[in-house]
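This is what each chain is made of:
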Amino acid sequence: MIHFQFKTCMVACAAMLLLLNASRAQSPSKSAIDNKISQVIKKMTLVEKIEMLHGNALFSSAGVKRLGIPELTCDDGPLGVREEVLRFDWKSANWTTDSATFLPNGSAIAATWNPAMAHAYGVVLGEEANARKKIVMLAPAFNICRVPLNGRTYEYYSEDPFLNAQLAVQAVKGIQSQHVAACIKHYALNNQEVNRNTVNVIADERALREIYLPAFKAAVQKGNAYTLMSAYNKVNGYWCSENDYLLNKILKKEWGFKGAVISDWGGTHNTVAAANNGLDIEMGSSGPYDQWYFAKPLLAAVKAGKVSVKTIDEKVRRILWVMYQTSMSANHPAGKISTPAHSQSAYNIAAQSIVLLKNDKLLLPLKTKSIKSIAVIGDNATRTFALGGFGAGVKAKYEITALAGLKSRMVSTADIRFAQGYRANYLASQTPEQNAGYDKPDKALIDEAVALAKTTDVALLFIGSNREFESEGGDRKDLTLPFGEQALVDAVTAANANTIIIVTAGAPYDLNKIKKNNHTIVWSWFNGSEGGNALADVLIGKINPSGKLPFTFPASLKDSPAFALDTYPGENLTTPYKEGILVGYRWFDTKKIEPAYCFGYGLSYTNFDYKALKTDKKAYRPGQQVSVTVTVKNTGAVDGMETVQLYVSKAKSAVQKPEKELKAFKKLMIKSGQTTPVILTIPVQDLAYYDVKSSSWKVEPGNYKLLAGTSSRDIKQVGAIAVSAK
């Protein structure tokens, strides 16, 4: 016994020495970088410092050549590294080496409910950025999906801050594992495109802290994000690019953000206010660059004593710190672009994102041995999604369409024929007058589709949206499916009893009639270079669908909180977030409003049975961690991935609380017939609410319910715990 204790002590002491040595080894490195930065700043002139603080081209800001400081180069990135544009113009530079991997869109990544997929996305983005000599990737974007009509919902993640945080942290870590800076955006409350450049968002402190800021906080503190982009809008009266509370007090002081704050392009409004209130780099879309707020006017402000040299030095220090993590780092990766490994990552993300909404007749997976003829109908079957609309796109090396994917999998066993079905006559760059009639059905195309559908065993009907219709710079007017698609659905469904609806889009739409009348519905996304292959593999059963909806589909737009409370798009360029913390499913569940499809919903080709939820203890104190185990069995005939979602509910709270809140989830593969204990953990501190009076997080003592299920509405197991004050 004495020998065992001695041996244990020796092991522990050795471990401590290793930790101390590691700490000592790390400290000089950090200190050395800080010293290097200080020495560089001392050698710089004031003019050189200020030149580093504003753009000198569309996607770069100046370095200092005589001191060996390179330009800070950046590029758009949510869907992949965009094609090279001219230095001073948005036109293509016509390179032949900038074809990149098109990665699934943000809501697709969120629909995987898998942080590993977000990390894989980040690694691809980082490697391809290095191949293109980009230091900063303007990604990931993960604003909360507050308004289902938002033109950038496809780009963002979900309506839930916890889900967003788990994904954002891993995306950041993936990008930065390649010595490329992630630029998390858009900070903060950039939740609509209508009036995005001018709107003043009025949000209470609890909503800020509990809904809109957690993913940014996690990306900074857990992901160590190197850069951050300020949003276009105002928050509580102040532009985000000069918002002292958001940038200085919360981001830099409270969260300890070490990196640089970059403005959205053209999102700077003042020189002195922006300089003193936390902005580090001003970016924009046009010159003359020396006339920007952070150019000659900033130099004049420093000379006039309105902005201190110390403030300028702090900004330069932050930029240099980013460079020492990226372009000036040791062992910087060379990068690679459009590799088979990148294609595989894009495929994996897409395959895990596809959501099976309905499969009442068990038509899916397709019975390939008995199906001899397939009608593939709809513009989206042959459309690509890497480009379109305003905002960042990708010059994809290739993109597999849905039709191409199906043919590659089934052409040897079935006769596959195509009919367009509808015309997607809508361009984001056109006026409403020019786009007039885009929503009208095309009778000739519908007749052609019906004629084809009548002759085949199965009709695969591809509807939904595209990158022109969902675009940065504008919001949709309603939830209606575009291009007269509902008329096409009705006609084809009547013509072929085995019609399968496949919706490709990045945001919620009105599926009420389709949900009622159609037995088989699949939801896909703008799913990247391998999107067509991934979808085909889901349809034939090579992949068992495991995607879960990352946001609520309202049955009616007026059910959504911003519309129910008449706060969108706002009046007099002001939009009050009257719903507070009741965003997304929090609103629908608390108000007992039935959605068309709930948050977290998604079916499988197999079934999962939940049993025996238990916790490691019955009572907990602050600082402890709740360990929850629920047993899940795959009772079906095929292997499948299941996402176990754990929500928490607090009854009789002293403050307003949603009916339930997501606090943990885990996605895992469970083989047919296998029973798996799934362990989920919740730090007691994560049960806290933000107390406005004390400006602090408080864990309310009392009884809590733990609800494990397959979605926010399909709760399979319920448990209870007690939390004490001390």
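Residues numbered from 1 in each chain as written. Predicted model: local features only at pLDDT ≥ 70, side-chain atom pairs only at ≥ 80, totals over all residues. Heavy atoms only, no water.

(A) Focus on the overall build of the chain. Within the chain, the regular secondary structure consists of 19 helices and 27 strands. In terms of overall dimensions, the chain is globule-like: its C-alpha atoms have a radius of gyration of 26 Å, near the 27 Å expected for 726 residues. A principal-axis box enclosing the C-alpha atoms of the chain has dimensions of 80 × 75 × 50 Å. Burial analysis of the chain (726 residues in total) assigns 59% to the buried set. Of the contacts formed within the chain by residues at least 6 apart in sequence, a portion of 77% connects residues at least 24 apart. Total accessible area on the chain stands at roughly 28,000 Å², and carbon and sulfur atoms take up 55% of it. (Helix = DSSP H or I, 4+ residues; strand = E, 2+ residues; numbered from the N terminus. Rg over C-alpha atoms; globule rule 2.2 N^0.38 Å. Buried < 20%, exposed > 50% of the residue type's maximum accessible area, 1.4 Å probe, protein only. Contact = heavy atoms within 4.5 Å. Areas by Shrake-Rupley, 256 points an atom, 1.4 Å probe, with all protein chains shown as cover.)

(B) Expanded view of the sheet that holds strand β4 (residues 136-138). Taken together, seven strands build an open sheet; the order of strands is β1-β2-β3-β4-β5-β7-β10 and the sheet is mixed. The open sheet has two edge strands with one neighbour each: β1 (55-57) and β10 (260-263). Pairing analysis gives two bridges linking β1 to strand β2 (residues 60-61), with the strands arranged antiparallel. Across the sheet, the residue bridging to A57 is S60, located in β2. This element, helix α7 (residues 214-221), spans β5 (181-187) and β7 (227-230) of the sheet and lies at about 160° to β5. The sheet strands contacting helix α11 (residues 309-325) are β3 (72-76), β5, β7 and β10, and the helix crosses β10 at an angle near 105°. (Pairing = 2+ DSSP bridges. Axes fitted to C-alpha atoms, helices over the stretch in contact; angles between N-to-C directions.)

(C) Molecular detail of the pairing of β3. Burial runs high along β3: five of the five residues are buried. With burial as the criterion, each face of β3 is covered, one bearing L72, C74 and D76 and the other bearing T73 and D75. Relative to β3, β2 runs antiparallel, the two being bridged by two bridges. Within the sheet, the bridge partner assigned to S61 lies in β3 and is L72.

(D) Representation of the pattern of salt bridges within the structure. Counted under the stated rule, the structure contains 45 salt bridges. With a closest N to O distance of 2.6 Å, R132 and E84 form a salt bridge. Taken together, the residues R132 in the loop between α4 (115-131) and β4 and E84 in the loop between β3 and α3 (106-112) connect sequence positions 48 residues apart. A single burial state applies to R132 and to E84, both of which are buried. We note a salt bridge from D98 to K395, for which the minimum N-O separation is 2.8 Å. One end of the pair, D98, is in the loop between β3 and α3; the other, K395, is in the loop between β12 (373-377) and α13 (402-410), with 297 residues separating them in the sequence. The class for D98 is buried, based on a relative accessible area of 0%. Beyond isolated ion pairs, a larger network of salt bridges with shared partners links R152, E155, K185, E193, R196 and E472. (Salt bridge = Lys/Arg side-chain N within 4 Å of Asp/Glu carboxyl O.)

(E) Summary view of the environment of P622. Considering the arrangement of structural elements, one finds P622 in the loop between β19 (619-620) and β20 (625-634). Using a relative accessible area of 36% as the deciding quantity, one classes P622 as partly exposed. Among residues more than four places away in sequence, those in contact with P622 are V684, S724, A725 and K726.

(F) Highlighting the sheet that holds strand β18 (residues 608-615). Spatial strand order, β18-β20-β23: three strands in an open sheet with antiparallel pairing. Strands with a single pairing partner mark the edges of an open sheet, and in this sheet they are β18 and β23 (675-683). Geometrically, the sheet is characterised by an average inter-axis angle of 25° between neighbouring strands, direction not taken into account. Where β20 and β23 come together, nine bridges link them in antiparallel fashion. Paired with T631 across the bridge in β23 is P677.

(G) Just helix α14 (residues 443-453), in detail. Here α14 has its buried residues at L445, I446, A449, V450, L452 and A453. The arc that holds the buried residues of α14, viewed along the axis, is 160°, so those residues lie on one side. Across α14 from its buried face, at more than 90 degrees, point the exposed residues K443 and A444. Residues of α14 that are buried sit in contact with β12, β13 (415-419), β14 (458-464) and α15 (485-495). A distance of 3.2 Å separates the backbone nitrogen of A444 from a side-chain oxygen at the start of α14, and that oxygen is part of D442. (Arc of directions from axis to C-beta. Polar contact = N/O pair within 3.5 Å; in protein donor to acceptor, adjacent residues only side chain to side chain.)

(H) Spotlight on the pairing of β14. By the criterion of burial, β14 is predominantly enclosed, with seven of the seven residues buried. On β14, burial covers both faces: V458, L460, F462 and G464 on one face and A459, L461 and I463 on the other are all buried. Sheet topology places β12 next to β14; four bridges connect them, and they run parallel. Bridging from a neighbouring strand, I377 pairs with L461 of β14.

(I) Highlighting the side chain of Q645. When you line up the elements, Q645 lands in strand β21 (residues 640-650). Residue Q645 is classed as buried on the basis of its relative accessible area, which comes to 0%. Separated by 2.7 Å, the side chains of Q645 and Y647 make a polar contact.

(J) Structural detail: the environment of D360. Among the secondary structure elements, D360 is positioned in the loop between β11 (355-359) and β12. It is 30 Å that separates the C-alpha atoms of D360 and K440, two residues lying 80 residues apart in sequence.

(K) Layout of the confidence of the model for the chain. Considering every residue of the chain, the mean pLDDT works out to 95; 96% of them sit at 70 or more. Across the chain, the secondary-structure element scoring lowest on mean pLDDT is helix α1 (residues 2-43), at 58, and the one scoring highest is β11, at 99. Contacts from residues 1-27, a stretch scored under 50 in pLDDT, to residues over four places away or in other chains number zero contacts. (pLDDT = per-residue confidence, 0-100.)

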